[in-house]
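# Examining the three-dimensional arrangement
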Amino acid sequence: MYAIVNIAGQQFKVAKDQYLFVHRLQGDEGASIEFDNVLLAEDAGKFTVGTPTIEGAKVSATILSHLKGDKVIVFKKKRRKGYKKKNGHRQQFTKIQITGISL
């Protein structure tokens with residue numbers, strides 16, 4: 001059984017006991033959260049497609065940790081002008097574990 005769910009503006013294919021890194025979510029570590037934007041679900045070969053979401057379907061998950069991703073370097077330069085700018089960015093992520101899918 002798997003589902004395609006919208007989490008924080010992104011679509012993920014999820015299954016039970018799967019780990020995911022999603023954009024930072026509100027909530028403490030160890031808290032349980034539910035997502036109700038289920039777009040598609042599959043159970044034993046039977047597909048259910050939402051219009052746009054499936055009524056009453058939920059995906060439950062547990063927040064495991066909050067962390068930062070790798071640093072991304074943004075470097076801008078204009079040649080022969082002496083213009084250089086260096087910036088960095090670290091995206092904040094939340095690691096979650098899918099605990100169940102209910103239709």
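This write-up is about the structure you can find in this document. Source: prediction; values computed, not measured.

### Comments concerning a positive patch on the surface
Side chains of K68, K71, K86 and R90 sit close together on the surface and give a patch of like positive charge. Those elements that place two or more of their residues in the positive patch are strand 7 (58–78) and strand 8 (83–102). If you trace the backbone, K68 turns up in strand 7.

### Structural notes on the pattern of salt bridges
Enumeration over the complete set of coordinates arrives at one salt bridge. Salt-bridge contacts for K16 lead to D17; the nearest nitrogen and oxygen are separated by 3.7 Å. The class of K16 is exposed, set by a relative accessible area of 52%. The class of D17 is partly exposed, set by a relative accessible area of 47%.

### Re the environment of R90
By the element assignment, R90 lies in strand 8. Sequence-wise, R90 and V72 are 18 residues apart; in three dimensions their C-alpha atoms are separated by 6.4 Å. Among all residues touching R90, those that are not within four sequence positions of it are K68, G69, D70 and K71. Within the structure, the side chain of R90 is placed 3.0 Å from the backbone oxygen of G69, a separation counted as a polar contact.

### Description of the sheet that holds strand 2 (residues 10–15)
Here four strands make up an open sheet; going across it, the order is 2-1-5-6 and the pairing antiparallel. Pairing within the sheet leaves two strands with one partner each, and these edge strands are strand 2 and strand 6 (46–49). Across this sheet, the average inter-strand angle for adjacent strands is 20°, counted without regard to direction. By the bridge criterion, four bridges tie strand 1 (residues 2–7) to strand 5 (residues 38–43) in an arrangement that is antiparallel. From the neighbouring strand, I4 faces strand 5, where its bridge partner is L40.

### Details of the packing of aromatic side chains
Within this structure, the stated rule accounts for zero aromatic pairs. In this structure, K13 packs its charged tip against the face of Y2, placed 4.3 Å from the ring centre. The ring of Y19 has K95 sitting right over it, with the charged end atom 5.2 Å from the ring centre.

Cut-offs applied
Residues numbered from 1 in each chain as written. Predicted model: local features only at pLDDT ≥ 70, side-chain atom pairs only at ≥ 80, totals over all residues. Heavy atoms only, no water. Patch = residues over 30% accessible without salt bridge, like charges linked within 9 Å, V, L, I, M, F, W, Y side chains within 5 Å. Areas by Shrake-Rupley, 256 points an atom, 1.4 Å probe, with all protein chains shown as cover. Salt bridge = Lys/Arg side-chain N within 4 Å of Asp/Glu carboxyl O. Lys, Arg positive; Asp, Glu negative; His and termini not counted. Charge placed at Lys NZ, Arg CZ, Asp CG, Glu CD. Helix = DSSP H or I, 4+ residues; strand = E, 2+ residues; numbered from the N terminus. Buried < 20%, exposed > 50% of the residue type's maximum accessible area, 1.4 Å probe, protein only. Contact = heavy atoms within 4.5 Å. Polar contact = N/O pair within 3.5 Å; in protein donor to acceptor, adjacent residues only side chain to side chain. Pairing = 2+ DSSP bridges. Axes fitted to C-alpha atoms, helices over the stretch in contact; angles between N-to-C directions. Phe/Tyr/Trp six-rings, centres within 6.5 Å; stacked < 30°, edge-to-face > 60°. Lys NZ or Arg CZ within 6 Å of the ring centre and 35° of its normal.

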